[in-house]
Amino acid sequence: MYYLPTRIIFGEHALPSSQAQIAGLGSKALIVTGKSSAARSGALDELLNFLAVQNPVIYDGISENPHLESVVTGADLMREQDCDYVIGIGGGSPLDAAKAISLAAANKLGIDDIYRTDLFKRAFPIVAVPTTSGTGSEATQYAVLTDSRIGKKAGWGHALAFPALAIVDPRYTLSLSYHVTLNTAIDALSHLLEGLYSRLREPLIFPLIHKGIELIVKHLPIALNDPQNLEARTALSQASLYGGMTIAQGSTTLQHSIGYPLTTAFNVPHGLANGIVMKQMMELYWPEVDGLIDSAFGSFDYNLQQFYDWLDKLELRAEMRIDEDFIASKVPEVMASRNMANNPVLASPDDVAKIYRSLM
Ligand code: NAP
Ligand code: FE
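Anyway, here's the lowdown on the structure attached to this text.

1. Describing the coordination of the iron ion (ligand 2)
Coordination sphere of the iron ion (ligand 2), protein contribution only: D187 (OD), H191 (NE2), H256 (NE2) and H270 (NE2), at 2.2 to 2.3 Å. Coordination at the iron ion (ligand 2) is irregular, judged from the 4 donor atoms that bind it and the angles of 80 to 165 degrees they form at the metal. Every donor residue of the iron ion (ligand 2) comes from the same chain, spaced as D-x3-H-x64-H-x13-H. One end of the pair, D187, is in helix α6 (residues 178-197); the other, H270, is in helix α11 (residues 270-275), and 83 residues separate them in sequence. A single burial state applies to D187 and to H270, both of which are buried.

What follows is the structure, encoded as structure tokens:
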């Protein structure tokens, strides 16, 4: 089955050309964004050029790995200011927060209910304007949030959280730093590979997965060396979107579950957390799905060894202090995460501990 209720507008100047569709979603927007990405990318100005007449409210309080508190603040603002749709601009953090704000405001959820998907009955329309090329959140029903009270990061998925509109203009990623470019592309690569690993894999979209992997393998090194290269940026934005379309069907797996504690405990950026365990994950899953990985790489005359060499050249490194106490406390959290049901083989607590030990 393939289900995606999101209208996607992709390419240069996608935002101004979507003017009528955006304005048609409501009479007053809450714009949800981070500290500076909406402005630095140029997306906010382009939006306000035609949306200013609606007097939209701007909420720029979203941090990386967005907290439940910021969702509650945004939802309160939305109701106080009578906003009737949400526009998220930024990386995955503001986009996920925008989804959660829409659901929290529409269903009057308090901080303890934001993970209660059984309470999700309605949503305000959501527009997603990505300014990174990694999460694909513009085309997924997921929001990944952090409960800072217990230091835990976890996601939920609900069909009401699919954006009504995804507006992807690769020009907005031209201002990304080297490391955000790298880490977010690795996140997208992880989503694409997980689309092959996941038990919920959907063969209908294998051609998109193959293309997405090829685009990242070929264009990430170019974008890293030449950040203003719009062709490479376009390829990465397209691959990221394909990654989102992939996990919207097949969800994620251990690869993501194992990374969340690295982010909450050591502040490892999300994509990098996926990247430093990518090879270990390949080794664990390869025997189960080797034909699928072979065909993905084979679709552009590539092979596993070449891929490992490519990955090594990226020199993915994170500052962490993993010890046995960390492993003992985090393995149960990983084992309990909802994505674990999607692994192609049952992963044991020992498998998870072994992967963490490989990072010591
Ligand atoms: P992010 O946390 O949204 O942003 C990372 C950094 O990049 C921030 O400092 C941000 O600045 C900056 N930035 C964003 N766009 C920029 C631009 N165009 N120019 C310069 N700087 C820019 O990063 P992300 O990797 O895109 O999102 C990660 C989050 O998404 C994680 O919480 C992850 O778990 C989640 N995720 C969600 C899904 C899903 O399907 N929903 C899938 C995978 C991951 P600001 O502070 O100004 O924003
Ligand atoms: Fe991700």
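After presenting the structure, the write-up continues.
2. Digging into the packing of α6 against helix α12 (residues 278-298)
Where α6 meets α12, the axes come as close as 9 Å, and the angle between the chain directions of the two elements is 60 degrees. Our classification of the angle between α6 and α12 gives oblique. Our pair here, α6 against α12, has a crossing hand that is left-handed. Touching I186, L189, S190, L193, L196 and Y197 of α6 are M278, M281, M282, Y285, V289, L292, I293 and A296, all from α12.

3. Regarding the site of ligand 1
Neighbouring ligand 1 are 31 residues, the closest being S36, S37, S93, T131 and T132. Between ligand 1 and the protein, one listed contact pairs an oxygen atom with a side-chain N or O atom of S93 at 2.6 Å. At a separation of 2.9 Å, a nitrogen atom of ligand 1 approaches a polar backbone atom of Y172. Taking 940 Å² as the accessible area of ligand 1 by itself, protein coverage stands at 92%. Among the elements of the structure, α2 (37-41), α5 (92-107), β6 (142-147) and α6 are those that each provide at least two residues to the shell around ligand 1. Of the residues forming the shell around ligand 1, the biggest block, 5 residues, is contributed by α5. The class makeup of the residues in the shell around ligand 1 is 7 nonpolar, 17 polar and 7 charged.

4. Quick word on the pattern of salt bridges
Following the criterion strictly, the structure yields 11 salt bridges and no others. Of the charged contacts, one joins R149 and D147 as a salt bridge, the two residues approaching to 3.0 Å between their closest N and O atoms. Assessed through its relative accessible area of 46%, R149 is described here as partly exposed. One salt bridge connects R357 with E324, and the closest N-O pair in it is separated by 2.8 Å. Taken together, the residues span a long stretch of sequence, with R357 in helix α15 (residues 349-357) and E324 in helix α14 (residues 324-335) at a distance of 33 residues. Residue R357 is classed as partly exposed on the basis of its relative accessible area of 40%.

5. Examining helix α3 (residues 43-51)
Turning to α3, its buried residues number three or more, namely A43, L44, E46, L47, F50 and L51. Taken around the axis of α3, the buried residues stretch over an arc of 165 degrees, which confines them to a single face. Residues D45 and N49 are exposed on α3 and point more than 90 degrees away from its buried face. Tucked into the core, α3 has its buried residues touching α1 (19-23), β2 (29-33), α2, β3 (57-59), β4 (85-90) and β5 (126-130).

6. Thoughts on the pairing of β2
Of all 5 residues that make up β2, 5 are buried, and the element is covered over most of its length. Direction of pairing for β2 relative to β4: parallel, over a ladder of 5 bridges. Across the sheet, L30 pairs through a bridge with V86, a residue of β4. Where β2 and β3 come together, 3 bridges link them in parallel fashion. Looking at the pairing, L30 lines up with V57 of β3.

7. A few points about the nonpolar core
Generally speaking, nonpolar side chains in soluble globular proteins are found buried as a group. I213, L220, L254, L262, F307, W310 and Y356 are the most contacted members of the largest nonpolar core, which totals 65 residues. Beyond its immediate chain neighbours, meaning those up to four positions away, W310 contacts I186, L189, I216, V217, L220, P221 and Y302.

8. Let's talk about unusual backbone geometry
Even without being a glycine, H13 presents a positive backbone phi close to 65 degrees. Tracing the sequence through the fold places H13 in the loop between β1 (7-10) and α1. For K108, which is not glycine, the phi torsion reads 55 degrees and is therefore positive. Within the secondary structure layout, K108 lies in the loop between α5 and β5.

9. Digging into the packing of aromatic side chains
Going through the model one piece at a time under the given rule, you end up with 10 aromatic pairs. With centroids separated by 4.9 Å and ring planes inclined at 75 degrees, the aromatic side chains of F120 and W156 adopt a geometry described as edge-to-face. Of the two residues, F120 sits in the loop between α5 and β5 while W156 sits in strand β7 (residues 152-157), which places them 36 residues apart along the sequence. The pair F120 / W156 is uniform in exposure class, with both members buried. Relative to F300, the ring of F297 has its centre 6.4 Å away and its plane inclined at 75 degrees; by these criteria the two rings are edge-to-face. Accessibility classification places F297 together with F300 in one group, the buried group. Chaining the aromatic ring pairs together yields one cluster made of F297, F300, Y302, F307 and W310.

What counts as what
- Note that residues are indexed from 1 along each chain, following the sequence as it is written.
- Whichever chain is written first is A, and whichever ligand is written first is 1; the rest continue in order.
- In keeping with the model being predicted, local features are shown solely for residues with a pLDDT of at least 70 and side-chain atom pairs are shown and tallied solely at 80 or more, while totals for entire chains, interfaces and linings include all residues.
- The basis for every side-chain value is the complete set of heavy atoms in the structure, and neither hydrogens nor water enter the calculation.
- Only N, O and S atoms count as donors, using a 2.8 Å cut-off from the metal and 3.2 Å for Na, K and Ca, and because water is excluded some sites may appear unfinished.
- Just to be clear on the cut-offs, tetrahedral is four donors with all angles between 85 and 135 degrees, square planar is four donors and octahedral six with opposite donors over 155 degrees apart and all others between 65 and 115, and anything else goes down as irregular.
- Counting from the N terminus, the helices are DSSP H or I runs at least four residues long and the strands are E runs at least two residues long.
- The classification of residues rests on relative accessible area computed with a 1.4 Å probe and restricted to protein chains. Under 20% of the type maximum is buried, over 50% is exposed, and intermediate values are partly exposed.
- To get an axis, a line is fitted to the C-alpha atoms, and for a helix only the part in contact is used. The angle between two axes follows their N-to-C directions and goes from 0 to 180 degrees.
- Angle categories: roughly parallel below 35 degrees, roughly antiparallel above 145, roughly perpendicular from 65 to 115, and oblique for all the rest.
- A crossing counts as left-handed when the near helix is turned anticlockwise from the far one by less than a right angle, and as right-handed when that turn is clockwise.
- Between two residues, a contact is recorded if the distance between any of their heavy atoms is within 4.5 Å.
- A cutoff of 4 Å decides nearness: a residue is near a molecule or strand if any of its heavy atoms lies inside that distance of it.
- Here a polar contact is taken to be a pair of N or O atoms separated by no more than 3.5 Å, where protein atoms must pair a possible hydrogen donor with a possible acceptor and residues adjacent in sequence count only if both atoms sit in side chains.
- Each accessible area value is a Shrake-Rupley result obtained with a 1.4 Å probe; residue values ignore everything except the protein chains displayed when judging cover.
- Just so you know the grouping, Ala, Val, Leu, Ile, Met, Phe, Trp, Tyr, Cys and Pro go in nonpolar, Asp, Glu, Lys and Arg go in charged, and all remaining residues, Gly too, go in polar.
- The term salt bridge refers to a side-chain nitrogen of Lys or Arg lying within 4 Å of a carboxyl oxygen of Asp or Glu.
- As used here, the arc belongs to the directions running from the helix axis to the C-beta atoms.
- When DSSP finds two or more bridges between two strands, those strands count as paired.
- Within this scheme, the nonpolar core is defined by two criteria: the residues are buried Ala, Val, Leu, Ile, Met, Phe, Trp, Tyr or Cys, and they are joined through side-chain atoms within 4.5 Å.
- Each pair of aromatic rings taken from Phe, Tyr and Trp, with Trp reduced to its six-membered ring, is defined by centres within 6.5 Å and is described as stacked if the planes are under 30 degrees apart, edge-to-face if over 60, and tilted in the remaining cases.

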